[in-house]
Each structure stands twice: as structure tokens, then as C-alpha cells.
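Chain by chain, the residues:
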2 protein chains.
Amino acid sequence: MTSDADPRFLRSREAILNAARELLLESGPTAVTHVQVAERAGVGRATVYRHWPQAEPLLVEAMATVPMPFLDKPTVPTREWLRRELTAIARQLDLDDVRAVSTTLANTALWDEDMDARRAQFAGILTTRLAAALDDAQARGEITLALASQDAAAMTIGPMYYRSTIERAPADPALIDAAVNALGTWAAG
Amino acid sequence: MTSDADPRFLRSREAILNAARELLLESGPTAVTHVQVAERAGVGRATVYRHWPQAEPLLVEAMATVPMPFLDKPTVPTREWLRRELTAIARQLDLDDVRAVSTTLANTALWDEDMDARRAQFAGILTTRLAAALDDAQARGEITLALASQDAAAMTIGPMYYRSTIERAPADPALIDAAVNALGTWAAG
DNA sequence: CTGCAATGAGTCAAGTTGTCTCATAGAATC
DNA sequence: GATTCTATGAGACAACTTGACTCATTGCAG
């Protein structure tokens, strides 16, 4: 039997990951230590060390358990789809755990290679998905883009992210509409 | 003589703040400990404890020594002023220390009251300055705003901030133009 | 030159970290 | 149900860190 199929192993693993996620959410990334995780998870300290000898990869994995906002498969009309998706992202960013993970990712990625890889992957998915959806929309005549489609993610998600993490307020529908309209000229629907 | 005018006191204080800032920039907020700061500053460990009994207020003050991007006094035409200011902000955000301070502020503010106060102050200045400048511009007939002037900071600085901290790439002039144009309809200049 | 206050070096107890050992008990195999 | 394997919790342990304190030294102002 490989150890990673042992129910005891999996139970410990889940308890540890949950505890780490809760600690991150409640007290920040510095609270994710072997001792605190062990206490919260109701698991021996040695068990945490056995599963994750380093605290940092544990933090990385715990962060990965938080469902982050991504762009759903595009539908037509693209304008409505984008409005819906941005509204969903704004609502997600209003959740404490998503905000904690986002800002921790942006911050720790500056000094940690693993975190930076996660950041790059996350950013890349959003940028390419949105760019592809907008290129298609333009090919379909739905919009005349006012900027490179690769800039669309920054132009639309940027305001939601700034509103949530720097201004710490919810994004209003007017801000979302403004972001959607900033991408170019939408054909009259 | 009050202690805070003693040259020895001021020298130590400066050396400590510089060391803390360097450590933050090079290795992140967790590196700002009494021991590491003392070593880097070339002062005794006890001296650091005397100046800052807690490491966290030291981090806060060290971050305050990094010149953050703010909006300069508005000039006319407002559109050109804004383009210039956003270009300056984008360039600033490309500097490692500004990025480190920004993301550390956004992250630690989630769990630390002092940091949150700094974040709120910083965000408030940008939001109100830009809103005032745009309200004036609209009164002058330079622009017809497409959103509440309080949303302008998120709409313009947001994309630069996202580009710098999440996508980790420089902001191109096209993105800046798109952000400026997103605010409303500018009168033909 | 004198008095004062900040400093560096050092000591210390308490707490933390990472490693290891071993008896126990949960899980699969026969 | 008995047997075997292996993850686990508890605890011991040395190395290190933390925060507080002491004291001789040294830079500074009058």
C-alpha cells in the first residue's frame, strides 16, 4: 500500500491543510507554523513535520485549497458574459479568504519562487482567457477593441482588485460597467 | 537635552530604519526581526529593542520611508496631467521597493490595525485627490464623467497596480490611455 | 573637564524549532 | 480473527531565538 492512500494519512493531511487555511485567514501567513497548525488540526506536532517538513510549501498548498475566481467559458453576447464574470470576481474578492490568498500571493511571490510560479500561472490564465474571449468577440463584430486584448485583464480585473485590496470596499455595478466599456466600442446590442 | 535630539540616538534610529527597509526589500516583511536589523544596521541588539520594543511598528515606520506614488497638484489640461501622473505611478510601481511596500501594506493590513490605518490613509488620499481633480475638470467642461468621481482611482490606478503586482509586467502607454479614456468623454482638445 | 545619556557586549531564563525514539492503534491481507 | 505493516501521538532532546536586564564605555553638551 502506498502511504498516500492510507486513510490515516489522508485524514491527517486534510486536517492539517484545513488548519493552515484557517490560520492564514484569521491571522495571516506568519501564523502558519508547525506548532499552531498541529494544535488547530488536533494532530501531533511530529505529524505536521512528517507531512510538510517546511512550513512554506504547506502555506502554498493551503492557499491552493481556496477556490479562486476564474473566468468561466465565454458565452454570447460577450458583453453580458463579461459583466457577469466581473461581478462574480468582485463578489469573490469581497470574501475574506479570497482577499487573504490574493494579497498573500502578490506579496510572498516577491521573495519566494514557488509562490511566484503560482502567481504567474494564476495571472496567465486570467489574461489569456479574457484575451481569447475578446479576440473572438471582435472577430464576431461584437466589439472594436481600444487596446491590445492582452491588456484587457489588467483593465477590467485591476479596478476590482484595487477596490477590494487597497480601498477595501465593494465594487459597485457602475465601476464594473465602466471597466467593460473601457475595452472598446461595443456594437449596439 | 531630550533624547530624540541626541545625534547618537538619531544615528542609530536612521541606521535601524535603513536596515529594516533593506531587509523588507530583499527578503520580505518576515525578515525584519530585531536580530537581523541589528546586524545589518551595525548596532547592538539591545539598541534596536530600545528604539522599537516591537518589530511590527518598526516595519511600519520603515515602510513609511519609501516614497510612495501620490498624485501631484492638478494642472490643465486635466487629461494630460492625468496621463502624466498615471505614467509616473506605473513607473514607480515598477520599482522593487514600491512594489514591496504596496503588497506588504495590502497584505498585512488584513490582520494589523496600524497597517490598515496606513492603507486607508494612502487609499483615501489618492481617491479624494483624483476625485477632486476630475470634478473640477468636469465643472470646467473638460470631461463628461462616465462614473462617480470616487470610482476614478480604482478605474485608473487599479489596472497599473494589477499589472505590476499580479501580472508583474510594466504598464504600456496604451493601457494608460485606455484607463484615462475610461473615465468619460473628454472634450476635444 | 565634567556630568549625562546612549550604546555594545554580555548574561540569563523562557520559549521555540527541528529531530529522533518508541509504544500504540488503525488499516489491509490472509 | 490473527497477523503484519505503517501512521500516529507523546515525549525527550539539543540547538537556537527571544526579550529583559546589567554594566563598563564612549560620544556629546555645557
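Residues numbered from 1 in each chain as written. Chains lettered and ligands numbered in written order. Predicted model: local features only at pLDDT ≥ 70, side-chain atom pairs only at ≥ 80, totals over all residues. Heavy atoms only, no water.

The name given to chain A in an unreviewed UniProt entry is TetR family transcriptional regulator, with the source organism recorded as Lentzea cavernae.

Q: Just to check I follow, could you spell out the overall build of chain A for this structure?
A: Along its length, chain A carries nine helices and two strands. Overall, chain A shows an N-to-C arrangement of helices and strands of α-α-α-α-α-α-α-β-α-α-β. For chain A, the spread of C-alpha atoms along the principal axes amounts to about 65 × 40 × 25 Å. Here chain A, with 189 residues, has 49% of them falling under the buried criterion. For chain A, contacts bridging at least 24 residues in sequence account for 63% of all contacts bridging at least 6. Working note: accessible area of chain A is about 8700 Å², and carbon and sulfur atoms make up 52% of it. (Helix = DSSP H or I, 4+ residues; strand = E, 2+ residues; numbered from the N terminus. Buried < 20%, exposed > 50% of the residue type's maximum accessible area, 1.4 Å probe, protein only. Contact = heavy atoms within 4.5 Å. Areas by Shrake-Rupley, 256 points an atom, 1.4 Å probe, with all protein chains shown as cover.)

Q: For this particular structure, what's the right way to read the packing of helix 4 (residues 55-64) of chain B against helix 7 (residues 113-139) of chain B?
A: Residue and element names in this part refer to chain B. Between helix 4 and helix 7, the shortest axis-to-axis distance is 10 Å and the interhelical angle comes to 20°. Considering their axes alone, helix 4 and helix 7 lie roughly parallel with respect to each other. Crossing of helix 4 against helix 7: the hand is right-handed. In contact with Glu56, Leu59, Val60, Met63 and Ala64 of helix 4, helix 7 contributes Asp114, Met115 and Arg118. In terms of residue class, the contact of helix 4 with helix 7 is built from five nonpolar, no polar and three charged. (Axes fitted to C-alpha atoms, helices over the stretch in contact; angles between N-to-C directions. Parallel < 35°, antiparallel > 145°, perpendicular 65-115°, else oblique. Left-handed = near helix turned anticlockwise from the far one by under 90°. Nonpolar A, V, L, I, M, F, W, Y, C, P; charged D, E, K, R; others polar.)

Q: Just checking my understanding: could you explain the protein's contact with DNA strand D for this structure?
A: Around DNA strand D, the surrounding shell holds 22 residues, and the nearest of these are A:Ser3, A:Ser12, A:Gly44, A:Thr47 and B:Arg11. When atoms of DNA strand D within 4 Å of the protein are split into backbone and base, the sugar-phosphate part holds 59%. Contacts to DNA strand D include A:Gly44, whose backbone N or O atom sits 2.8 Å from a phosphate oxygen. A distance of 3.0 Å separates a phosphate oxygen of DNA strand D from a polar side-chain atom of A:His51. The leading source of residues in the surface near DNA strand D is helix 3 (residues 45-51) of chain A, at five residues. Each residue belonging to the surface near DNA strand D can be placed in one class, and the counts come to eight nonpolar, seven polar and seven charged. (Near = heavy atom within 4 Å. Polar contact = N/O pair within 3.5 Å; in protein donor to acceptor, adjacent residues only side chain to side chain.)

Q: Is there a simple way to explain the packing of aromatic side chains in this structure?
A: Geometry of an aromatic ring pair is reported as the spacing of the ring centres plus the angle between the planes. Under the counting rule described, the total for this entry stands at five aromatic pairs over all chains. A centroid spacing of 5.7 Å and a plane angle of 20° characterise the contact between A:Tyr161 and B:Tyr161, whose relative ring orientation is stacked. With A:Tyr161 in helix 8 (residues 152-165) and B:Tyr161 in helix 8 (residues 152-165), this pair bridges two chains. For the residue pair A:Tyr161 and B:Tyr161, the accessibility class agrees, reading buried in each case. Ring centres 6.1 Å apart and planes at 80° place the aromatic pair A:Tyr162 and B:Tyr161 in the edge-to-face group. Remark: B:Tyr161 occurs in helix 8 and A:Tyr162 occurs in helix 8; the pair is interchain, linking two chains. (Phe/Tyr/Trp six-rings, centres within 6.5 Å; stacked < 30°, edge-to-face > 60°.)

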